[in-house]
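Listed below, chain by chain, are the residues.
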Amino acid sequence: VLHKVEQAEKEKEIYRITSEKLQQENELQRKELASKAMYLSQKNELLNKMRKTLRGIARDTAPDISARIRGVVSEIETTLADEQTWGMFEEQFQKLEQPFMQALTERYPALSPLEVRVCALIKLNLSSKEISRILNVASRSIEVYRYRIRKKLGFDSTDNLNSFLLLLDQK
């Protein structure tokens, strides 16, 4: 009997250690995901600055050079609109936050795909400015999305959207 008790305690300790290790891995993945989101934000901000600068240069240069610059600007705009980068980010987010995404889409089917993206980025605790850079939209647009999300969730302006989204998959 004493041997069985010791065996059970050892198994319990193994489960505890395994659980802690999984929680640490999960936390590391969340930090990596937030880091990738910040990278996307910074990349898009840089590309937007480059686009703006090149447009200014194109206006002030000879037509043949201006045409080449417009080609570069077009490539930058294509990169900014690239869904593949978001797709990779979203895939990793889905793996990490699958219960959240499932709960959000099941409970609130009226949310548009872009509103779901905004919710995912809010869950990562990103600011409206950071979200706007990642999604390549104006900061004001993110505020409008937040308003629409609140409305679709049945919230008023005093309800904290961030707190709700952080706890959604735990309800």
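Check the entry above for the structure.
Residues numbered from 1 in each chain as written. Predicted model: local features only at pLDDT ≥ 70, side-chain atom pairs only at ≥ 80, totals over all residues. Heavy atoms only, no water.

Peer 1: Explain the nonpolar core here, please?
Peer 2: Within soluble globular proteins, side chains that are nonpolar tend to cluster in buried spots. With 33 residues, the main nonpolar core has Leu-104 and Leu-121 as its most contacted residues. Among the secondary structure elements, those contributing two or more residues to this core are α1 (2–59), α3 (83–96), α4 (98–107), α5 (113–123), α6 (128–135), α7 (139–153) and α8 (161–167). Those residues within four positions of Leu-121 in sequence are excluded, and the remaining contacts are Trp-86, Phe-89, Leu-126, Ile-131, Ile-134 and Leu-135. By size, the runner-up hydrophobic cluster in this structure holds seven residues, among which are Leu-47, Ile-69, Ile-76 and Leu-80. (Core = buried A, V, L, I, M, F, W, Y, C linked by side-chain atoms within 4.5 Å. Buried < 20%, exposed > 50% of the residue type's maximum accessible area, 1.4 Å probe, protein only. Helix = DSSP H or I, 4+ residues; strand = E, 2+ residues; numbered from the N terminus. Contact = heavy atoms within 4.5 Å.)

Peer 1: Just checking my understanding: could you explain unusual backbone geometry for this structure?
Peer 2: What is expected of a backbone is that most residues other than glycine have negative phi and most peptide bonds are trans. For Asn-125, which is not glycine, the phi torsion reads 65° and is therefore positive. Residue position: Asn-125 is located in the loop between α5 and α6. Take Asn-125: its relative accessible area is 56%, and that puts it in the exposed class. For Asn-136, which is not glycine, the phi torsion reads 60° and is therefore positive. Along the chain, the position of Asn-136 falls in the loop between α6 and α7. Taking the relative accessible area as the measure of exposure, Asn-136 reaches 27% and is therefore partly exposed.

Peer 1: Mind showing me how you'd approach the pattern of salt bridges here?
Peer 2: According to the stated counting rule, one finds eight salt bridges in the structure shown. The shortest N-O distance in the salt bridge between Arg-16 and Glu-20 comes to 2.4 Å. In this pair, Arg-16 and Glu-20 both sit in helix α1, four residues apart, roughly one turn of the helix. Overall, the relative accessible area of 35% leaves Glu-20 in the partly exposed class. With its nearest N and O atoms 2.8 Å apart, the salt bridge here joins Lys-152 to Glu-115. Separated by 37 residues along the polypeptide, Lys-152 in helix α7 and Glu-115 in helix α5 bring together distant segments of the chain. Owing to a relative accessible area of 38%, Lys-152 belongs among the partly exposed residues under this scheme. Within this structure, Glu-13, Arg-16 and Glu-20 form a network of salt bridges that share partners. (Salt bridge = Lys/Arg side-chain N within 4 Å of Asp/Glu carboxyl O.)

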